[in-house]
Amino acid sequence: TSYSSQDGSYLAEFLLEKGYEVHGIVRRSSSFNTGRIEHLYKNPQAHIEGNMKLHYGDLTDSTCLVKIINEVKPTEIYNLGAQSHVKISFDLAEYTADVDGVGTLRLLDAIKTCGLINSVKFYQASTSELFGKVQEIPQKETTPFYPRSPYGAAKLYAYWIVVNFREAYNLFAVNGILFNHESPRRGSNFVTRKISRSVAKIHLGQLDCFSLGNLDAKRDWGHARDYVEAMWLMLQTDEPEDFVIATGEVHSVREFVEKSFKHIGKTIVWEGKNENEVGRCKESGKIHVTVNHKYYRPTEV
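Residues numbered from 1 in each chain as written. Predicted model: local features only at pLDDT ≥ 70, side-chain atom pairs only at ≥ 80, totals over all residues. Heavy atoms only, no water.

Under the annotation held in an unreviewed UniProt entry, the protein chain carries the name GDP-mannose 4,6 dehydratase and is attributed to Nipponia nippon. Quoted verbatim from the Catalytic activity (unreviewed entry) field of UniProt, the annotation for the protein chain is "GDP-alpha-D-mannose = GDP-4-dehydro-alpha-D-rhamnose + H2O". For the record of the protein chain, the UniProt heading Pathway (unreviewed entry) holds the text "Nucleotide-sugar biosynthesis; GDP-L-fucose biosynthesis via de novo pathway; GDP-L-fucose from GDP-alpha-D-mannose: step 1/2." (UniProt positions renumbered as here; feature names shortened; annotations may be inferred.)

Q: Go over a negative patch on the surface, please, and point to the residues and values.
A: Together, Glu141, Asp238, Glu239 and Glu241 make up a region of like negative charge exposed at the surface. Structurally, the position occupied by Glu241 is in the loop between helix H7 (224-235) and strand E10 (243-245). (Patch = residues over 30% accessible without salt bridge, like charges linked within 9 Å, V, L, I, M, F, W, Y side chains within 5 Å. Areas by Shrake-Rupley, 256 points an atom, 1.4 Å probe, with all protein chains shown as cover. Salt bridge = Lys/Arg side-chain N within 4 Å of Asp/Glu carboxyl O. Lys, Arg positive; Asp, Glu negative; His and termini not counted. Charge placed at Lys NZ, Arg CZ, Asp CG, Glu CD. Helix = DSSP H or I, 4+ residues; strand = E, 2+ residues; numbered from the N terminus.)

Q: Just give me the short version of H7, but keep the residues and values in it.
A: Its 12 residues place the ends of H7 17 Å apart at the C-alpha level, agreeing with the 16 Å of an ideal helix rising 1.5 Å per residue. Taken together, the buried positions of H7 are occupied by Ala224, Tyr227, Val228, Ala230, Met231, Trp232, Met234 and Leu235. (Expected span 1.5 Å × (residues − 1). Buried < 20%, exposed > 50% of the residue type's maximum accessible area, 1.4 Å probe, protein only.)

Q: Any chance you could break down the pairing of strand E4 (residues 121-127) for me, citing the residues and the numbers?
A: Buried residues dominate E4, accounting for six of its seven residues. Pairing geometry for strand E3 (residues 76-79) and E4, over four bridges, is parallel. When the sheet's bridge partners are listed, Glu76 is paired in E4 with Lys121. The pairing of E4 with strand E5 (residues 172-178) spans seven bridges and is classified as parallel. Residue pairing in the sheet places Ala125 in a bridge with Gly176 of E5. (Pairing = 2+ DSSP bridges.)

Q: Describe in detail the pattern of salt bridges, supporting the description with residues and values.
A: One pass over the structure, following the stated rule, counts 10 salt bridges. Between Arg280 and Glu271 there is a salt bridge, and its shortest N-O distance comes to 2.9 Å. For Arg280, a relative accessible area of 27% puts it in the partly exposed group. Taking relative accessible area as the criterion, Glu271 reaches 31% and is therefore assigned partly exposed. Here the salt bridges do not stand alone but share partners, grouping Glu13, Arg185 and Arg225 into one network.

Q: Describe in detail the domain arrangement of the protein chain, supporting the description with residues and values.
A: Quite often, the size of an interface is put as the accessible area lost when its parts meet. Here the protein chain is described as being made up of domain 1 (6-183 + 220-250) and domain 2 (191-216 + 252-295). Interface of domain 1 and domain 2: buried area, both sides summed, is about 450 Å²; carbon and sulfur atoms make up 62% of it. The largest per-residue losses of area from domain 1 upon contact with domain 2 belong to Lys87, Glu182 and Trp221, which jointly make up 78% of the total buried on that side. At the junction of domain 1 with domain 2, the criterion picks out zero salt bridges. The tally of links between domain 1 and domain 2 comes to two residue pairs in polar contact (both at pLDDT 80 or more). (Domains from an automatic or database assignment. Buried area = accessible area lost by both parts, 1.4 Å probe. Polar contact = N/O pair within 3.5 Å; in protein donor to acceptor, adjacent residues only side chain to side chain.)

Q: Explain unusual backbone geometry residue by residue, including any values.
A: Residues Ile137 and Pro138 are joined by a peptide bond in cis, for which omega reads -5 degrees. One can find Pro138 in the loop between E4 and helix H5 (150-169). The phi dihedral of Asn170 falls on the positive side, at around 65 degrees, and the residue is not glycine. Note on Asn170: relative accessible area 65%, which makes it exposed. The backbone of Asn274 shows a phi angle near 45 degrees, a positive value even though the residue is not glycine.

This is the structure in structure tokens:
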């Protein structure tokens, strides 16, 4: 597990409750990046580990992956490690390919090097971003992929290399093609948290207004806690199989904004068009939302 992520923390929690000994890989950083798993330490104040053990590692470093897998000899591996921000992947395209694409190959190779092909089950965090410019509605496991970002393209390589290891070496390896999943643990530069945090700040008088990109972008938003259970369930089946995990419901960013403001008793009224559109509070007349083109993606899904 990549641990400091939203999914990693919920998965660690879930597996610990199931009685697993959980090992996680965490990247070295000059700031302490274990905030989301702090509460899972046996002694959070002293960072004393119980059934959760952390290892420094990085998906760009194959040596450390071999070392950790050889030492731990895990029965299940969940690869949730990724540069997972779609918009940022346009700026960090090469790094995203290295971590999200080749990083998955490094993990699979490490399993092979350590002789664990027949004893380990491998879960790969695939993504609905693989569908990108959708080829059919609704999307299912057999829908052709058409990624629309460096993130989607890197994850496409990872998807196929997992299928390859499954078919070539008989490794129990599965792809969970997950649609967007959110939670209070989501990074604050993702749109759901950006909106909820900004609305909270407006409510507390710490902020007047915030900017978003495409208000009409639509997403299927589930809850990360439910989705990590789906990951686990996929590794408990008799035969390895890839699955799409989704709620089957889409909502627009605009709708998310309206619902969030409703929560603090404000009604948002939209005025203007495209980049000049603003969201005004019906009750106070204040503008709380503006649109900024810098948050648009070069290619929208």
